[in-house]
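Chain residues, written in single-letter form:
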Amino acid sequence: MTAGLETFAKVRALHDRTDSPGEKASAAGRMEALAEAAGMTVAEAVSKLDAPAPKPSSFFEDLFNTPEFRADRAEREAKRQTKAAALVEEYGSEDAVFADTPMEAALRSACEPLLGPGETWQARHEIDGWGSHHGRSTMPASVREAVSEAWPLPSTIAEAWAEYEASEKLIGDRYTVDTYCDPWVFVNARRYVVEELCNTLPARSLNDLRARISWMEFWANGEIEQTPDEHRTNLATLRADIERMGARLKEEAASVQNGQGADRDQSKSGSTSPVQNGRPEGMAEITIPLRRTNAEKRRDVLALLNAGIPGISALTDREIARRAGVSPQTVGNIRRSLA
């Protein structure tokens, strides 16, 4: 049929350009015969010939339309819908998934005065000339001040990482329920501030140091982008943490060697050595034990169970176990004993 249309097109071109009545009549008869041979009328053949050429498919169009890709996409969408239904049940309703947390309500209230005339959150307009820039470096001082004062800032790296993890989970839950959902600009502003704290706050305990490693692992896996300057800042902070804790360990080791007989005897018998982990004067000491007793493990777990931050969800048994250096079953047993 394609070859017939090509011949039809040539005869039609001859028909249209000739001024000879005989040639025109002959071409018209030839066109009629070719169209009939293709199972069409002359009008249908002309219409088919004049139809726009199909758009050539691209590599991506071909890829996205393969049966394998469509099946994979359908499977992923089914999993998302299943997870979304579970999240709606967990939160109580779909509206509850997207409802402001106490922190978000405070951030919204603090940033509303920065909206320009006629600007709305729903339209995602700029706040003080910042909303469309999406970056820490372009955030004006007015926005930074608003989100920093609206809700108490974390005072330790562990608290900063806990707030960031909670925010990350909430954003992920909302995206699962509604794939078109993006964080509010004031939420992103707060996250930028907390990211800076994760990079710069000194580690004052082993829990802080563990939190810093978790934070570094998070951005090393490509979850967020950091500039070379931010990388250097984070590594410099980690180096300072290690140097500070190393100096304190040397001080404690020297004190044991210089006549702390009781401590030396305890060390030989397998007891814990009270090595401070670098907290400033006036803050509660946290020891780095050589071998912890069950009572000491319980103490460390209880400290994490009771370290709740307003507006931040509680740590899971697995996360507490990771930070305290015990098994999740131990954490679960202690949590049930408290209940």
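Residue numbers run consecutively from 1 along every chain, following the written order of its sequence. Where totals are concerned, whole chains, interfaces and linings use all residues; where local detail is concerned, this predicted model gives features only for residues with pLDDT of at least 70, and gives and counts side-chain atom pairs only at 80 or more. As a rule here, side-chain values cover all heavy atoms of the structure and leave hydrogens and water aside.

What about the overall build of the protein?
In step 1: What the protein contains, in helices and strands, is 16 helices and zero strands.
In step 2: Residues are treated as being in contact if the distance between any of their heavy atoms lies within 4.5 Å. When contacts within the protein are restricted to residue pairs at least 6 apart in sequence, those whose partners lie at least 24 apart make up 63%.
In step 3: Total accessible area on the protein stands at roughly 20500 Å², and carbon and sulfur atoms take up 54% of it. Secondary structure follows DSSP: runs of H or I at least 4 residues long count as helices, runs of E at least 2 residues long count as strands, and numbering of each begins at the N terminus. Areas reported here follow the Shrake-Rupley algorithm with a probe of radius 1.4 Å; residue values treat only the protein chains shown as occluding.

Looking at the nonpolar core
In step 1: Residues belong to one nonpolar core when they are buried, are Ala, Val, Leu, Ile, Met, Phe, Trp, Tyr or Cys, and are joined through side-chain atoms within 4.5 Å. The classification of residues rests on relative accessible area computed with a 1.4 Å probe and restricted to protein chains. Under 20% of the type maximum is buried, over 50% is exposed, and intermediate values are partly exposed. Residues Ala160, Trp161, Tyr164, Cys198, Trp215, Phe218 and Ile224 are the most contacted members of the largest nonpolar core, which totals 19 residues.
In step 2: The set of elements that each furnish at least two residues to this core consists of α9 (157-177), α10 (185-200), α11 (206-220) and α12 (228-257).
In step 3: With six residues, α11 is the largest single contributor of residues to this core.
In step 4: The residues contacting Trp161, other than those within four sequence positions of it, are Cys198, Ala211, Ser214, Trp215, Phe218 and Arg323.
In step 5: Judged by nonpolar contacts, the second largest core, of 13 residues, contains Cys111, Val147, Trp151 and Tyr192.

Thoughts on the environment of Gln81
In step 1: Take Gln81: it is sitting in helix α5 (residues 67-91).
In step 2: When the C-alpha atoms of Gln81 and Val177 are compared, they prove to be 7.5 Å apart, with 96 residues separating the residues in sequence.

What to know about the pattern of salt bridges
In step 1: For salt bridges, the criterion is a side-chain nitrogen of Lys or Arg within 4 Å of an Asp or Glu carboxyl oxygen. Enumeration according to the criterion identifies 15 salt bridges in this entry.
In step 2: Each of the salt bridges in this network shares a partner with another, and the network as a whole consists of Glu90, Lys169 and Asp173.

Quick notes on the confidence of the model for the protein
In step 1: What pLDDT expresses is the predictor's confidence in each residue, scored from 0 to 100. Confidence along the protein averages 78 in pLDDT terms, with 78% of residues attaining 70 or more.
In step 2: Within the model, pLDDT remains below 50 along residues 309-313, and this stretch shows nine contacts once partners closer than five positions in the same chain are excluded.

Some words on the packing of aromatic side chains
In step 1: Whether two aromatic rings pair depends on their centres lying within 6.5 Å, for rings of Phe, Tyr and Trp, where Trp uses its six-membered ring; planes under 30 degrees apart make the pair stacked, over 60 edge-to-face, and the rest tilted. Per the counting criterion, the structure on display carries seven aromatic pairs.
In step 2: Summarising the aromatic geometry, the rings of Trp161 and Tyr164 are spaced 6.3 Å apart at their centres and angled 15° between planes, so their arrangement reads as stacked. In this pair, Trp161 and Tyr164 are both assigned in helix α9, three residues apart and thus about one turn of the helix distant.
In step 3: Residue classification places Tyr164 among the buried residues on the basis of a relative accessible area of 1%.
In step 4: The interplanar angle of 20° and the centroid separation of 6.1 Å between the aromatic rings of Trp215 and Phe218 together place this pair among those described as stacked. Taken together, the residues span about one helical turn, with Trp215 and Phe218 both in helix α11 at a distance of three residues. Exposure class is identical for Trp215 and Phe218. Each is buried.
In step 5: By the ring-pair criterion, three or more aromatic residues cluster together here, those being Trp161, Tyr164, Trp215 and Phe218.
In step 6: Placement of a charge over a ring requires the Lys NZ or Arg CZ to be within 6 Å of the ring centre, with the centre-to-atom vector within 35 degrees of the ring normal. Directly above the aromatic system of Tyr164 lies the positively charged group of Arg191, at a separation of 4.5 Å from the ring centroid.

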